[in-house]
Amino acid sequence: MMRRFTITTPIFYVNGAPHIGHAYTSIACDVVARFHRLNGDDVLFVTGTDEHGQKVEQSAIAQGLAPQEFADKVSAQFRQMQKEMAVSSDDFVRTTEERHKKAARALWEKVAENGHIYLGAYEGWYSTRDEAFIGEDEVKLHADGTRTAPSGAPVEWVREPSYFFKLSEFQDRLLKFYEENPDFIGPMGPKREIEAFVRQGLRDLSVSRTSFKWGIEVPNDPDHVMYVWFDALANYLTAVGYPDLDAEKAHYWPADVHVVGKEIVRFHCIYWPAFLMAANLPLPKKVFAHGWWTVEGEKMSKSLGNVLDPKALSDEFGLDQLRFFLMREVPFGGDSNFSRRSMMTRMNVELANDLGNLAQRTLSLIAKNLDGILPDRGELTSEDQAILRQADLLPDLMSGQIERLAISDALEEVWKLIRAANAYIDHQAPWALKKTDQKRMSDVLRVLYDVIRSIATMLQPYMPDTMSKMLDQLAILENEREFASLKVIIPGGRHLPKPQGLFPRFIEEEKA
Ligand code: MSP
């Protein structure tokens, strides 16, 4: 039976152009989605853009555009970024699409029908930059009289009629849910934070605004538009065809994992499950928060002019190199810093030396000494058996890591094998065997071929293009690239195309 697997990125605000942080979330989800597909699972991978709210309205006005026109423009840039980063999403939800408005309204109606929404008036602080209501106790008063949210964003006093969601009634149910589903929030830091926050007590949540128009109208009350987070979170249901429970994609709900940046965990782990509970809908199985990237030690910001464009980086270093670096540099969940130096070091040490040389040395020896014909497996020594066993274990080891979103640790499993294979090739020295023992040389090269095949197959989710080329060089057919096909030994006799280096060294480092 195919396992169904649903994964989502946050949907991106269209108030600014995509940068490396957005690419990071998208690539991480892409790696996990590709991993599951190659594992034979039935995957739905959803992303999109978050286009309503005051912040977007203000950005549009600043550019002299109508909000829809502005959203169309920036949403297209996000779509383009995904293409440039080889992000293989199955759907792209825009919150200005009709299907989404329908889903968000249906969710609202269900929650209201079940008695969890009432009309009142909101008076308090609001941060437009965070699109969040800020509690009195969280607002910081500065010496110059200005006030900011915990994120540092300015807040303003808002007073307007508003619909409220009875979030306060969900405190116990949420705590019980966290307790019964200890893996719901990952990693540990955010999990503790959220549980502590909910234990302190929850206030009802204002879920509509009347002071601006750029949003989805509240059902039966056109004076109100939905609070942008109610609207945005509903995108995950839009993707599965909600409210049509017979929709073609309905079986993809509940999601297996919502991947989010750490700053929006609260919305996903408190509001979202509460909305779903209020609508009697199944809850996602997991929300996983990843960390933030800084650049050369500084926070990325327009004012510092250090916002990294993912396209420029992939043009300079190569797309798969960039994807590899982002996934490798930091345990998924932690914060990290982008520096050119560490990017170049990883390219030269791990890609060019460790992996590139292993493949290049093996394949050119097969080309030169065996006329490029893959030999059959020979008699295996205990060293051969040991390295082959390590390769056989790789898919299961990586699956375990990917299951817990340890995207970087899963890569480390591959690198353990690569390092072992380099030790093996140095020790066996097939180049010297040519003169002394041709049969043994052929056996050793065959063992290395099998190990490299496992490595290339398992690295496809991270570096799809380069690994496709490596598998071409190994004469692995298109229908032999799923993980399961590693169980079948490739018969000898295949003609391997002329090998070509896939991981050039990055030169600047040598100058430095
Ligand atoms: N629109 C909301 C999400 C709604 S989901 C129902 C939003 N959008 S956002 O565009 O501001 O950010 C989306 C995501 O981009 C963040 O959650 C995070 O995953 C990613 N990142 C944005 N900047 C980042 C870094 N500097 N580093 C890493 N990821 C960051 O929030």
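It should be noted that the structure appears before, not after, this text.
Residues numbered from 1 in each chain as written. Predicted model: local features only at pLDDT ≥ 70, side-chain atom pairs only at ≥ 80, totals over all residues. Heavy atoms only, no water.

Asker: What should I look at first to understand the pattern of salt bridges in this one?
Answerer: When the charged atoms of two side chains lie near each other, side chains of opposite charge can form a pair. Taken as a whole and judged by the stated rule, the model has 36 salt bridges. In this structure, Arg-323 engages Asp-30 in a salt bridge whose closest nitrogen and oxygen atoms are separated by 2.7 Å. Of this pair, Arg-323 sits in helix α11 (residues 319-328) while Asp-30 sits in helix α1 (residues 20-38), placing them 293 residues apart in sequence. Accessibility expressed as a relative area gives 0% for Asp-30, which makes it buried. Between Glu-195 and Arg-199 there is a salt bridge; the shortest N-O distance is 3.9 Å. In this pair, Glu-195 and Arg-199 are both assigned in helix α6 (residues 188-199), four residues apart and thus about one turn of the helix distant. Given a relative accessible area of 52%, Arg-199 falls into the exposed group. When salt bridges that share partners are traced, they join Arg-328, Glu-329, Arg-346, Glu-350, Glu-412 and Arg-419 into one network. (Salt bridge = Lys/Arg side-chain N within 4 Å of Asp/Glu carboxyl O. Helix = DSSP H or I, 4+ residues; strand = E, 2+ residues; numbered from the N terminus. Buried < 20%, exposed > 50% of the residue type's maximum accessible area, 1.4 Å probe, protein only.)

Asker: Help me out: how do you make sense of unusual backbone geometry in this one?
Answerer: Leaving glycine out, the prevailing phi sign among residues is negative, and the prevailing peptide bond configuration is trans. In this structure, the amide linkage connecting Gly-186 to the following residue, Pro-187, adopts the cis form with an omega of -10 degrees. Within the secondary structure layout, Pro-187 lies in the loop between β10 (185-186) and α6. Here the bond from Tyr-242 into Pro-243 is cis, since omega is 5 degrees, no more than 30 degrees from zero. If you trace the backbone, Pro-243 turns up in the loop between α8 (235-238) and β15 (257-261). We note that Ala-475 has phi near 60 degrees; this positive angle belongs to a residue other than glycine. With respect to the helices, strands and loops of the structure, Ala-475 is situated in the loop between α17 (464-473) and α18 (508-511).

Asker: So what exactly am I meant to see when it comes to α17 here?
Answerer: Residues Pro-464, Thr-466, Met-467, Met-470, Leu-471 and Gln-473 constitute the buried set of α17. For α17, the elements touching its buried residues are α1, α11, α12 (340-369) and α16 (438-459). (Contact = heavy atoms within 4.5 Å.)

Asker: Sorry if this is basic, but what is going on with the sheet that holds strand β17 (residues 293-295) here?
Answerer: Ordered in space as β18-β17-β19, the three strands form an open sheet in which the pairing is mixed. Edge positions in the sheet fall to β18 (298-299) and β19 (336-338), since each has one partner strand and no second. Note: β17 against β19, three bridges, orientation parallel. Residue pairing for β19: Thr-294 is matched across the bridge by Asn-337. (Pairing = 2+ DSSP bridges.)

Asker: Would you mind going over the pairing of strand β9 (residues 156-165) with me for this structure?
Answerer: Within a regular beta strand, the side chains point alternately toward one face of the sheet and then the other, so they alternate between its two faces. When strand β5 (residues 117-127) meets β9, the two strands line up antiparallel, connected through 10 bridges. Paired with Ala-121 across the strands is Pro-161, a residue of β9. Across two bridges, the pairing between β9 and strand β11 (residues 205-206) is antiparallel. Its bridge partner being in β11, Phe-165 is matched across the sheet by Leu-205.

Asker: So what exactly am I meant to see when it comes to the site of the ligand here?
Answerer: Contacts to the ligand come from 23 residues, most closely from Ile-11, Thr-25, Asp-50, Glu-263 and Trp-293. Gly-21 is positioned such that a nitrogen or oxygen atom in its backbone is 3.4 Å from a nitrogen atom of the ligand. For the ligand, an oxygen atom lies 3.1 Å from a polar atom in the backbone of Gly-261. Relative to its free-state accessible area of 660 Å², the ligand is covered by the protein chains to the extent of 94%. Within the residue set of the shell around the ligand, elements represented by two or more residues are β2 (12-13), α1, α7 (228-233) and α8. (Near = heavy atom within 4 Å. Polar contact = N/O pair within 3.5 Å; in protein donor to acceptor, adjacent residues only side chain to side chain. Areas by Shrake-Rupley, 256 points an atom, 1.4 Å probe, with all protein chains shown as cover.)

Asker: Would you mind going over the environment of Asp-309 with me for this structure?
Answerer: Mapped onto the fold, Asp-309 is located in the loop between β18 and α10 (310-317). The spatial distance from the C-alpha of Asp-309 to the C-alpha of Met-81 is 9.5 Å, given a sequence separation of 228 residues.

Asker: What should I look at first to understand the nonpolar core in this one?
Answerer: Burial of nonpolar side chains together is a common tendency in soluble globular proteins. Ranked by size, the top nonpolar core spans 104 residues in total, and within it Leu-326, Met-327, Leu-355, Leu-459 and Tyr-462 carry the most contacts. Per-element tally for this core: the top contributor is α16, with 12 residues. Setting aside residues up to four positions removed in sequence, Tyr-462 forms contacts with Val-31, Asp-320, Arg-323, Met-327, Met-398, Ile-402, Ile-407, Ala-410 and Leu-411. (Core = buried A, V, L, I, M, F, W, Y, C linked by side-chain atoms within 4.5 Å.)

Asker: Explanation requested: the pairing of β15 in the structure shown.
Answerer: Of all five residues making up β15, five are buried, and the element is well covered by its neighbours. In β15, alternate side chains face the same way, and those of Val-257, Val-259 and Gly-261 on one face and His-258 and Val-260 on the other are all buried. Note: strand β1 (residues 4-8) against β15, two bridges, orientation parallel. Looking at the pairing, Thr-8 lines up with His-258 of β15. Sheet topology note: the β15/strand β16 (residues 287-290) ladder contains four bridges and is parallel. Note on β16: the bridge partner recorded for His-258 is Val-287.

Asker: Looking at this structure, I do not really get the side chain of Gln-321. What am I missing?
Answerer: Along the chain, Gln-321 falls in helix α11. Once residues within four sequence positions are removed from consideration, Gln-321 is found in contact with Met-343, Met-347, Leu-351, Leu-502, Phe-503 and Pro-504.

Asker: Could you clarify how one ought to interpret the sheet that holds strand β6 (residues 132-134) in this entry?
Answerer: Pairing between the strands of a sheet comes from backbone hydrogen bonds, and it takes one of two forms, parallel or antiparallel. Spatially, β6-β5-β9-β11 is the arrangement adopted by the four strands of the open sheet, whose pairing is antiparallel. Looking at which strands have only one partner, the edges of the open sheet turn out to be β6 and β11.

Asker: How should I be thinking about the environment of Leu-141 in this particular structure?
Answerer: Within the secondary structure layout, Leu-141 lies in strand β7 (residues 140-141). Remark: the alpha-carbon pair of Leu-141 and His-427, spanning 286 residues in sequence, is separated by 66 Å. In contact with Leu-141, other than residues within four places in its own chain, are Thr-146 and Arg-147.

Asker: How do you make sense of the packing of aromatic side chains when you look at a structure like this?
Answerer: Aromatic ring pairs are described here by two measures, namely the spacing of the ring centres and the angle between the planes. Taken as a whole and judged by the stated rule, the model has 28 aromatic pairs. The interplanar angle of 65 degrees and the centroid separation of 4.6 Å between the aromatic rings of Tyr-122 and Phe-133 together place this pair among those described as edge-to-face. Here Phe-133 lies in strand β6 and Tyr-122 lies in strand β5, a separation of 11 residues in the sequence. For the residue pair Tyr-122 and Phe-133, the accessibility class agrees, reading buried in each case. With a centroid separation of 5.2 Å and 70 degrees between ring planes, the pair formed by Phe-325 and Phe-338 is classed as edge-to-face. With a gap of 13 residues between them, Phe-325 in helix α11 and Phe-338 in strand β19 connect regions that are remote in the sequence. With respect to burial, Phe-325 and Phe-338 carry one shared label: buried. Ring-pair connections join several aromatic residues into one group, and the members of that group are Trp-108, Tyr-163, Phe-165, Phe-170, Trp-229, Phe-230, Phe-267, Tyr-271 and Phe-275. If you follow Arg-79 out to its NZ or CZ, it ends over the ring of Phe-92, 4.3 Å from the centre. We note Arg-266 situated over the ring of Phe-197; from NZ or CZ to the ring centre the distance is 3.9 Å. (Phe/Tyr/Trp six-rings, centres within 6.5 Å; stacked < 30°, edge-to-face > 60°. Lys NZ or Arg CZ within 6 Å of the ring centre and 35° of its normal.)

Read these as spatial facts, not as claims about activity.
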